[in-house]
Amino acid sequence: MLRRVINLDPRWYVIAAILVLAVLGFKAYGSIVLSHVAGVCLITVLLDGFFLYLRKRELEFPLSGLVTGLIISSVLAPGNLFFIAPIAAILFKHLFRVFGKHIFNPAGFGLFVANVYFRLPLTWWLTTNILLVVIFGLVLAYKVRKLGLALSFFCAMFVLSVVYSLINHQPALSNISLINFFFILFMLVEPKTSPFYVKGQVVYGALTAGLALASLVFFSRYDFLISGLMAGNIINLFLRKAG
């Protein structure tokens, strides 16, 4: 029984972890959280399931679609245009690929479209319980063999946040909140859009941190982490080729 749990598809870890965090968030934010999560996930599951059926001609539960919906709903603030991000994520995932592979993290792309083109706020509301986010996230990062990537981004962002603070004549640790553990441990480590080998992970993590901070400096109206992730995904295309 224990071995079966350990060997579960990593996507089940993501689903279980986010659902636990969402239930805890329900106590803080109320019923709007449940309707928000359910609405976003319904769109991603139905749309992803539709494309899977077109490709395989058989019904299959879209597990990845559910994961995408849970991540999007964990970051996007509840609102009337909540459907923009999940639709953009699934459409781009299935309609645009390079060498048969995803270019962008699907959830990240959907959030990018919602934030940049529709000005929808990304509040990262699920990150209120940082301890549980870190515990669940470390298990996931270990499961998908991306601890090197997570550590690389964390160290790079820590150093960059200190430098950024000193340049702005602030206490060294005043911008430590730039380190978002949900982003690092649930989004950055997405297996299909990040390097597999440790060397590539270290490079990718550091570069993505730098791109994220550059986005904060030059395009502060947008979410710097999501913008940095999209730029990092493009860098990953070259790392794949180099590998």
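Quick note: structure is the one above.
Visitor: Outline the overall build of the chain, supporting the account with residue identities and numerical values.
Guide: What the chain contains, in helices and strands, is 11 helices and 2 strands. Each helix and strand of the chain, placed in order from N terminus to C terminus, yields the pattern α-α-α-α-α-β-β-α-α-α-α-α-α. C-alpha extents for the chain along the principal axes are approximately 60 × 45 × 45 Å. Across the 243 residues that make up the chain, the buried fraction comes to 48%. Within the chain, contacts between residues at least 6 apart in sequence are counted, and of these 76% link residues at least 24 apart. In the form shown here, the chain has an accessible surface area of approximately 12700 Å², with 71% of it arising from carbon and sulfur atoms.

Visitor: Can you tell me about the packing of helix α5 (residues 84-95) against helix α6 (residues 106-116), naming the residues and giving the values?
Guide: Relative to each other, α5 and α6 sit at 130°, their axes nearing to 7 Å. In terms of orientation, α5 lies oblique with respect to α6. In terms of crossing hand, the pair formed by α5 and α6 is right-handed. Contacts from Ile84, Ala85, Ala88, Ala89, Phe92 and Lys93 of α5 reach α6 at Pro106, Ala107, Phe109, Gly110, Leu111, Val113 and Ala114. A class-by-class count of the residues in the contact of α5 with α6 yields 11 nonpolar, 1 polar and 1 charged.

Conventions used here
Residues numbered from 1 in each chain as written. Predicted model: local features only at pLDDT ≥ 70, side-chain atom pairs only at ≥ 80, totals over all residues. Heavy atoms only, no water. Helix = DSSP H or I, 4+ residues; strand = E, 2+ residues; numbered from the N terminus. Buried < 20%, exposed > 50% of the residue type's maximum accessible area, 1.4 Å probe, protein only. Contact = heavy atoms within 4.5 Å. Areas by Shrake-Rupley, 256 points an atom, 1.4 Å probe, with all protein chains shown as cover. Axes fitted to C-alpha atoms, helices over the stretch in contact; angles between N-to-C directions. Parallel < 35°, antiparallel > 145°, perpendicular 65-115°, else oblique. Left-handed = near helix turned anticlockwise from the far one by under 90°. Nonpolar A, V, L, I, M, F, W, Y, C, P; charged D, E, K, R; others polar.

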